[in-house]
Structure formats: C-alpha cells, structure tokens
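# Understanding the architecture of this molecule
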Number of protein chains: 2
Amino acid sequence: MDKEEMIALINDGSIDISKLKILLSDMNTVDIAEILAELEKEKIIQIFRILPTAIASDVFAYMDSDYQQLIIEVHTDTEIGEIMNKLFVDDAVDFIEEMPANVVKRVLNNVMPEKRKLINQILQYPEDSAGSIMTTEYVDLREDAKVREAFDTIRATGLNKETIYNCYVIRRDRLLVGVISAKTLLLAKPHELIEDIMDSNLVFAYTHDDREVIADQFKKYNLLAMPVVDKEQRLVGIITVDDIVDVIVEENTEDIEKMAALVPSDETYLKTSVFHHAKNRFLWMLILMLSATITGSIISSFENGLMVLPILMSFIPILMNTGGIAGSQSSTLIVRGMAVGEIGLGDILIILWKELRVGILCGFGLGIVNFLRVFIINKHDWMLCLTVTLSLFCTILMAKTVGGILPILAKRLKIDPAIMSAPLLTTIVDAVSLIIYFSFAKLFFHL
Amino acid sequence: MDKEEMIALINDGSIDISKLKILLSDMNTVDIAEILAELEKEKIIQIFRILPTAIASDVFAYMDSDYQQLIIEVHTDTEIGEIMNKLFVDDAVDFIEEMPANVVKRVLNNVMPEKRKLINQILQYPEDSAGSIMTTEYVDLREDAKVREAFDTIRATGLNKETIYNCYVIRRDRLLVGVISAKTLLLAKPHELIEDIMDSNLVFAYTHDDREVIADQFKKYNLLAMPVVDKEQRLVGIITVDDIVDVIVEENTEDIEKMAALVPSDETYLKTSVFHHAKNRFLWMLILMLSATITGSIISSFENGLMVLPILMSFIPILMNTGGIAGSQSSTLIVRGMAVGEIGLGDILIILWKELRVGILCGFGLGIVNFLRVFIINKHDWMLCLTVTLSLFCTILMAKTVGGILPILAKRLKIDPAIMSAPLLTTIVDAVSLIIYFSFAKLFFHL
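Residues numbered from 1 in each chain as written. Chains lettered and ligands numbered in written order. Predicted model: local features only at pLDDT ≥ 70, side-chain atom pairs only at ≥ 80, totals over all residues. Heavy atoms only, no water.

What follows is about the overall build of chain A. When helices and strands are tallied, chain A shows 22 helices and six strands. Residue burial in chain A is summarised as follows: out of 447 residues, 54% are buried. Residue pairs at least 24 apart in sequence account for 67% of intrachain contacts in chain A once pairs closer than 6 positions are excluded. Of the roughly 19,400 Å² of accessible surface on chain A, a fraction of 57% belongs to carbon and sulfur atoms. Computed over 41 positive and 61 negative side-chain charges, the separation of the two mean positions in chain A equals 4 Å. (Helix = DSSP H or I, 4+ residues; strand = E, 2+ residues; numbered from the N terminus. Buried < 20%, exposed > 50% of the residue type's maximum accessible area, 1.4 Å probe, protein only. Contact = heavy atoms within 4.5 Å. Areas by Shrake-Rupley, 256 points an atom, 1.4 Å probe, with all protein chains shown as cover. Lys, Arg positive; Asp, Glu negative; His and termini not counted. Charge placed at Lys NZ, Arg CZ, Asp CG, Glu CD.)

All names here are of chain A. Of all six residues making up strand E6 (residues 235-240), six are buried, and the element is well covered by its neighbours. Bridge count for strand E5 (residues 225-229) against E6 is five bridges, and the pairing is antiparallel. The residue bridging Pro-227 from the neighbouring strand is Ile-238, located in E6. The antiparallel pairing of E5 with E6 creates a hairpin that spans five residues between the two strands, and Gln-233 there sits at a positive phi of about 65°. (Pairing = 2+ DSSP bridges.)

The end-to-end C-alpha distance of helix H17 (residues 274-301) of chain A, which contains 28 residues, comes to 40 Å, matching closely the 40 Å that a straight helix rising 1.5 Å per residue would cover. Considering bend angle alone, the principal kink of H17 of chain A is centred on Phe-282 of chain A and spans about 35°. (Expected span 1.5 Å × (residues − 1). Bend = angle between axes of the 7 residues up to and from the residue.)

Time to look at the relation of the copies chain A and chain B. Mapping chain A onto chain B calls for a rotation angle of 180° and an axial translation of 0.1 Å; the resulting RMSD is 0.1 Å. Here the transformation between the copies is reduced to the relation of a two-fold axis. Both copies share a contact surface, since 100% of the interface residues of chain A are interface residues in chain B too. (Least-squares fit on C-alpha atoms with pLDDT ≥ 70 in both.)

Another aspect to go through is the interface of chain A and chain B. Contact residues are listed per partner, giving 109 residues for chain A and 109 residues for chain B. Both sides of the chain A and chain B interface together cover about 10,100 Å² of buried area, and 71% of this is carbon and sulfur. Between chain A and chain B we count six salt bridges in total. Here Glu-355 of chain B ties to Arg-281 of chain A by a salt bridge, and the two come within 2.8 Å at their closest N and O atoms. If you look at where chain A meets chain B, you find 37 residue pairs in polar contact (both at pLDDT 80 or more). Its residues placed into classes, the side of chain A that touches chain B shows 60 nonpolar, 25 polar and 24 charged. (Buried area = accessible area lost by both parts, 1.4 Å probe. Salt bridge = Lys/Arg side-chain N within 4 Å of Asp/Glu carboxyl O. Polar contact = N/O pair within 3.5 Å; in protein donor to acceptor, adjacent residues only side chain to side chain. Nonpolar A, V, L, I, M, F, W, Y, C, P; charged D, E, K, R; others polar.)

Let us now look at the packing of aromatic side chains. If you walk through the whole model with that rule in mind, you get 18 aromatic pairs over all chains. Ring centres of Phe-204 of chain A and Tyr-206 of chain A lie 5.6 Å apart, and the angle between their planes is 75°; this geometry places the pair in the edge-to-face category. For Tyr-206 of chain A, a relative accessible area of 31% gives the class partly exposed. Judged by centre distance (4.2 Å) and plane angle (20°), the ring pair of Phe-302 of chain A and Phe-438 of chain A falls under stacked. Here Phe-302 of chain A is found in the loop between H17 and helix H18 (303-308), whereas its partner Phe-438 of chain A is found in helix H22 (residues 417-445), with 136 residues between them in sequence. As far as burial versus exposure is concerned, Phe-302 of chain A and Phe-438 of chain A are alike and both buried. Each residue in the set Phe-48, Phe-60 and Phe-95 of chain A is aromatic and connected to the rest through ring pairs, giving one cluster. Here the basic side chain of Lys-354 of chain A rests over the ring of Tyr-269 of chain B, its NZ or CZ set 5.7 Å away from the ring centre. (Phe/Tyr/Trp six-rings, centres within 6.5 Å; stacked < 30°, edge-to-face > 60°. Lys NZ or Arg CZ within 6 Å of the ring centre and 35° of its normal.)

Between two packed helices, the angle of one axis relative to the other and the distance separating the axes together describe the packing. All names here are of chain A. At a minimum axis separation of 10 Å, helix H2 (residues 17-25) and helix H4 (residues 41-50) run at an interaxial angle of 70°. Put simply, H2 runs roughly perpendicular to H4. Viewed along their axes, H2 and H4 form a crossing whose handedness is right-handed. Listed contacts from H4 to Ile-17, Leu-20, Lys-21 and Leu-24 of H2 are Gln-46, Ile-47 and Ile-50. Considered class by class, the residues forming the contact of H2 with H4 number five nonpolar, one polar and one charged. (Axes fitted to C-alpha atoms, helices over the stretch in contact; angles between N-to-C directions. Parallel < 35°, antiparallel > 145°, perpendicular 65-115°, else oblique. Left-handed = near helix turned anticlockwise from the far one by under 90°.)

A separate point is the sheet that holds strand E6 (residues 235-240) of chain B. Residues and elements named next belong to chain B. Within the open sheet, the three strands sit side by side as E4-E5-E6. Their pairing is mixed. Either end of the sheet is taken by a strand with one partner, and the two such strands are strand E4 (205-206) and E6. Relative to strand E5 (residues 225-229), E4 runs parallel, the two being bridged by two bridges. Each residue of the ladder has a partner; that of Ala-205, found in E5, is Val-228.

Here we take up the sheet that holds E5 of chain A. Residue and element names in this part refer to chain A. Spatial ordering of the open sheet is given by E4-E5-E6, a layout of three strands whose pairing is mixed. Each edge of the open sheet carries a strand with a single partner, namely strand E4 (205-206) and E6. Packed on one face of the sheet, helix H15 (residues 211-221) meets E4, E5 and E6 and runs near 140° to E5.

Let us look at a nonpolar patch on the surface. Nonpolar side chains collect at one region of the surface, where Phe-364, Ile-368, Leu-372, Ile-376 and Ile-377 of chain A lie side by side and expose about 540 Å² of accessible area between them. Within the element layout of this structure, Ile-376 of chain A appears in helix H20 (residues 348-377). (Patch = residues over 30% accessible without salt bridge, like charges linked within 9 Å, V, L, I, M, F, W, Y side chains within 5 Å.)

All right, on to the side chain of Thr-322 of chain A then. Looking at where Thr-322 of chain A falls in the secondary structure, it is placed in helix H19 (residues 316-339). With a relative accessible area of 0%, Thr-322 of chain A lands in the buried category. A polar atom in the side chain of Thr-322 of chain A sits 2.6 Å from the backbone oxygen of Ile-318 of chain A. If we ignore the near neighbours within four places in the chain, the residues touching Thr-322 of chain A are Pro-317, Leu-366, Leu-392 and Ile-396 of chain A together with Met-285 and Met-289 of chain B.

What follows concerns helix H7 (residues 77-86) of chain A. Residue and element names in this part refer to chain A. Turning to H7, its buried residues are Ile-80, Gly-81, Ile-83 and Met-84. In an axial view of H7, the angular spread of the buried residues amounts to 170°, which keeps them on one side of the axis. On its buried face, H7 sits against H4, helix H5 (53-62), helix H6 (65-74), helix H8 (89-98), helix H9 (101-109) and helix H10 (113-123). (Arc of directions from axis to C-beta.)

So, about the pattern of salt bridges. A full pass over the atoms with the stated rule returns 36 salt bridges over all chains. Between Asp-140 of chain A and Arg-174 of chain A there is a salt bridge, with its nearest N and O atoms 3.2 Å apart. Remark: Arg-174 of chain A occurs in the loop between strand E2 (163-170) and strand E3 (176-181) and Asp-140 of chain A occurs in strand E1 (residues 138-142); sequence separation between them is 34 residues. A relative accessible area of 32% means that Arg-174 of chain A is categorised as partly exposed. A salt bridge links Glu-251 of chain B to Arg-211 of chain B; the shortest N-O distance between them is 3.3 Å.

As structure tokens, then:
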C-alpha cells in the first residue's frame, strides 16, 4: 500500500486499527511522520497513540514542530517523560527550541534530571556553534581498556547512543586522546589495548567553533562523526554527518538568498509570514532603488545629448542588462568558488587576468552580433554602430573584471562577498556603462 | 609543525628524509595530499615514494588529477598495479575518468582482472546515475547466516570494504532482502539468525536512478549508506554518505550557476579555460542582449513623450532595477524552495496570494520613500510624483507575482526553473514596467 492510499484510508476511517498498527510498525519512521503530517488533527493524535513505544519517539523526532506541540499538549506528564527520555539529546534540543515557553517548562519538568542537564547545557551554546548541533550520546572508551572490554562497554551503553561507528578514546581526566572505529575494533584481537590500535590523529572541534567551518572539515576529511571538546580539550559531545548534511543545505540556501539580495531567514518560504517576507526583502530593494538614482542622474546630465539624438535612449537597456548579467555571472562564480574553498584571497590577480580575457572574448562575440543588428536596423548608420558596439565591448570588459574582483575585495574587507554582489555590482556596472556610452556618444557625434 | 612550515622545509630540502617519513606516517592522508599539492614536481614524486604503502593509495585518492597523472607517469607497471589494487573501486573510477586514454590503458592493464571488471562496469553507467557514484566494496551477508558467522564474514572481508557499518542481506540469488547495521550485530546474540534481526524495510536505489534524487533520500532518511540494485533487484553496489555530500555541494553549485544565467560546468573556476568560461557565459548574455531590444523598442515608441518631458528618462533605471530585484528575490526563494522539496507544483495559488501581499507591503513602503524623494528633488511636481510612485508600486507588485509563479510554471512545462529566472523574468519585468510607466505618463501628462 502506498502513502496516498494509506492516508485516504485513515482519513475516512475505513482501516482497522489493529491492521494499521501492523502496517505502521513495518514502516520507516520518517515515512510515518510524513503520513501523520497529512492527517486531520484528531487522527494524528489517535495514530500517534497506537505507535509501538519503540518507534514513537523516533517518529516524534521527525515531525514538524506544530505537530510536536499538538502531541505534547494532549499527552500526560508521564507520557511526555517517556517520549522525551527516548529522544536523542540533539533531537530533544531541536524540538525544545521551537516550542513556546510553557511547553518547554512542562517538557523539561518531566525529563530525567540527567538528561535535563544535558539539554540545558546544549541550549546554552550560541546558535550556529558546534555545541548547538552536537549530541551527547556517544561511546567513550578508556585508553587503557582492552578490545574485549570495549565491546562490553559498547553492548552495555551502545543502544542509546546516536552512533557507535566511532568510539572516542579518553584519559582518566576525560581528555580526548584518540578515535577508534567499530571497523578497527571488529578486526582487532580481543586482548589488544585500545591505545595501541586507536588513531591519535584526530579531527575535532571546540564547542564554540562555527558550524560552517565544521561542515567544511566533514567534506574535506570525509567524516561520519566529529568529536567536540571544551576549552580544556575534554570530550563533551559529537557531531554526526546527518546533521552536517542539514548544515550544508542551510548554508547553501543562505548563500543563495544573500546573492539574490535577500536577508537570509531560518524559516522556510511557506512558514514565513507575509510581513517577515516583506521585511527580509525591503532593505535591499530600498538600497537598489536609491542607488539607481545615481544612474538616473547620469542620464539626466546627458539630457541635452539625448534630445539631439533620441535614438541613443533605446540602447540604454541593452547596455545595462548585458553589463548586469556579465558582472553577475563573474561574481557568482567567484562567490561560489570562495564558498567551496577553491578560490582564496591570493587569487585576485589570476582572476583579474582570467576575467579580462573572458571579457574580451565575450565582448568581441556580442559586439559583432550587436554591430550587425544595429547596422541592419538603423540603416547603415556607421557612427551609431560604432558608438553602441564600442560601449558594449567596454561595458562587458568592465563588468567582468569588476564582477570578478569585487567579491575578493569584499572578503578582504571582511564583508560577506555574497551580499556585495547584487547591490554594489549593479550600481557600479549601471553607472560606469552609461558613462562609457555617453562619452563615446559625445566623441563620435560631437554632442 | 604546521603545514606551511613543513612545505617550506621540504621545498628547501632542509628536512631529513627519515624524520619526514615518521612525521608523514602520523598525519591524516587528506592533509598529506594537500601538502604534496604545494610542492615542486620532483619533490612530489620523491615524497610520494617514501610514503608507507598502507597510506600511499589513500593519499593518491585525495590528490588532484594533474598530480595523479604525474605520479602514474613516473611509476613502473608493478607499482601502479599496487596503488590501484589498494584503491577503493569508486576512487579508482573517479581517477580514471580524469585521465587521458593512454594513461587509462596503462592503468587498467596493471589492475587485477577482478577489479578491472568492476571498474569497467561502473564506468559504463551514465553520468549522474546511482551506478556512476556507487562502490562495489560492501559486506553482504546471507539471510540464513547466524550472527557469529556474520562476524567471521566481516573479519574476513571487511578490511577492504568501504563501509562495514551497514551490511546488506541477500538471498541465494543475490536478491537484496534486508539491511543490518554493525550496531545491531554488535548488540545481538551470536546464535541469532540474520533474517530475524535484519531490517527488511529498505531504502535502495536502482543503478540508473538520478543521483540528485538519491541525495534527497539520504537527506530525508538520514542515511549513512544506500544499497544499489539492478533491474532484477540484485545487489550490485552501495553509495556512501561522503559521496552524497559531494553530490549535494555540486548540485547546489549547478543551481546557483543556472540562476546566474551560466551554463553549469563540471570543472572548477580556476581549472576552466578562458575559452570555456566564455562559452559557458556567451549564450545567456546573447539572449539577454537581444531580449533587451524589446525594452529598447518600447522606449523608442515613447520617444515623442520623452522629448516633451525629458525628466521622465531619469526614472527608467529606478523602475527597471527595483523591479528586477523584486522579481529575482521572489523567483530565487521559489526555485530554492522547490530544490529543497518544500514547495510543490500545487502551491501555485498559495504563492500567488503570498507574493501579492508581500508586493503590496514592499510596494507601499518603497512608494512612500520614492514619493518623498521625487517630491523634494523635483520641486513639488505632484503629477511627476504620482506617475513615478504609482508605476513603481505596480512594477513591484507585477515583479513579485511574476517572479513567484514563473518558476512553478517552468516546472510544470518541464523546464528547469533555475534557468527561467534570469533571462525570461528580466525581460518580462523590464518590458512590463516600462509599459506601466509610459501608460501612467500618458494618462497624467496627456502626452
């Protein structure tokens, strides 16, 4: 039975509860959460109650915060305690961060004290820090333990741990000294010492490290998990790759939004209110509108020339649009190149030289097309052809080089390069292209 | 010693080879590959030769293709065979895909026949398919085996397998029937049967599935690995999360490039030649240049009006730029929302209604600012204020709604929404905003 069928059957009440229970217990918890999201409120509560306890908290972790709140509100304190105690600490934190204060209070009151302490601890780390995305469920082994003892530790504690594929080796004072994979353990002999087979060459993070930097390390070293330590290098948690995948997607969304002159938002499009959408977009629209005044006044200053030769007006959009796209193509490539770590601050001259040549090639190609077009449409007006084509060529050359080096300059000035590209680049390219155009017009037509 | 120091010491030859050997054997292979990339050619070869054989092929896998080729060229056939036989099949395929034909031939001739077959098999899958990113190194267990036997299988075969954290359960005919994590195995009793403890609720891919769809599944189900089957559902390989992280980053880059009116490229910025850069950018620049002719001819058609009231010209950039940014903000949000799976084709009316209201709010806010600005600068010219402000308001409203629904319409027509946003949106917004502007001007000034 596929998801759609199942949702229909549940919604019209034509499925037997005991049969449903069997069907659900065989499904992936992510899919169950997805089905619940499609049901009516009363049905959600009803179905959630029949879920086997072993999977209920897993399903809960995958639900949207609106539905999580709905479920919490209809459950007793004891039931809430049961769900919460089975949740991984990082999932519990994600959930609590989205809840209103009264729900948070009720939830924390019903969690085991030990877990409450861990949750509170993670809640205190700054947003976007390693601490805020870590989990405290991991297996730690003592360096002087034997492989045999390590397996006993894993069996005794492993069931509640988020990942046991990497175990972290600590000293008596909890100082992190190494890592050992389940693979190494499985392939080792029972009497071997952990410190002899562990990998002491560790990639780790501090609790206050930025999550974007950590994501880059995951990418670079192909990690499944990374240990997190406090200032004294004592192990306090781990970050797992599934959370890093989310970080990568979110950071990419943020970069894309910044490049499109939007204030990045943590919420998704549909969940953001109209007012917040307007707020996130208003500032950059305002800046671009005001900066376009510069372009407007350049046109005004050439008013006399345009009155003598009004045909010149009709080429303004071609110059501005072609220049705009030429510049944004270059700046996008550089911003992205810096984001994925390919391009560094030292590459500015390489980029300048490359963009200059790309600009010449593109400018030359488009120049030819433009020349022919103007020549044919405007009845062989050589001077007009020359003015427009030369302006176009210079505009493209200028837009490509400015678009290429502006993001690097921004980064050097510690400004986010993604933010620079849209407003500043547009303003520069528009203004300079018009100045170029009117200068050529003055020269060739003696205006 | 940090990386920079080490590179300096190696380059000026002031470090003892035996000391270097010890230092390197303690480092992460990714870091070693990074150090090699900074050295002179002769040094790269020299250092690579002193690497312990256990890590040499790992370092090789992380090197850039230029350096890989350099190393292959100076090694004997036997040595090449040794490196290749230690490489994971997916890393070997990645490497071979970048090599010129003569190197490929030499490499394949020196690989063990078994491995050569696997490499050739993966090379045949279409680019961007599951088959092309899978590896054939995995642990498969028979459903009728016991946990004890499973551990023996893992110990016997595990060392060369890319991941043993998930073992895949197959029937006698290699039909994939379940998955079992190392965690479950570790926590199970030795005499239990695999089929009793395995998870038969599988997320798997077919060899020809698109890698972007698979990446979405990894995100949705928080997977570490996914089995790949052929048409008959027989297990042929697995995809691991580290390769999926690369896929996500690459697909995001592709989306960003498309939104910036670039033909997406597999190569990085610095590695792409000037000619290819120009080629990837030329087409959309040409299309935008030609489509700007429409805008130009709209201006021409209103030439008489502009001659009577030349001040109108100076507001054209404000309308076009503000409209442009208003539209691209909306389309970017929708394109991204569709890419991360939040927005579907059915949401078109919700989006229309939302963008309409966002447009009213933004248009109203910017309208007020604009009204005041024009009113102050243009000496209380009420009619001019009204013309520009009303045009601005309508332009923003139009740009927001068009920007919001255009990506959805594109998707409905099976066109990539990311590609639509830049050229088509710009053309529509530019043209319509000018028509609005000139209509109001005609109305208020009786031009």
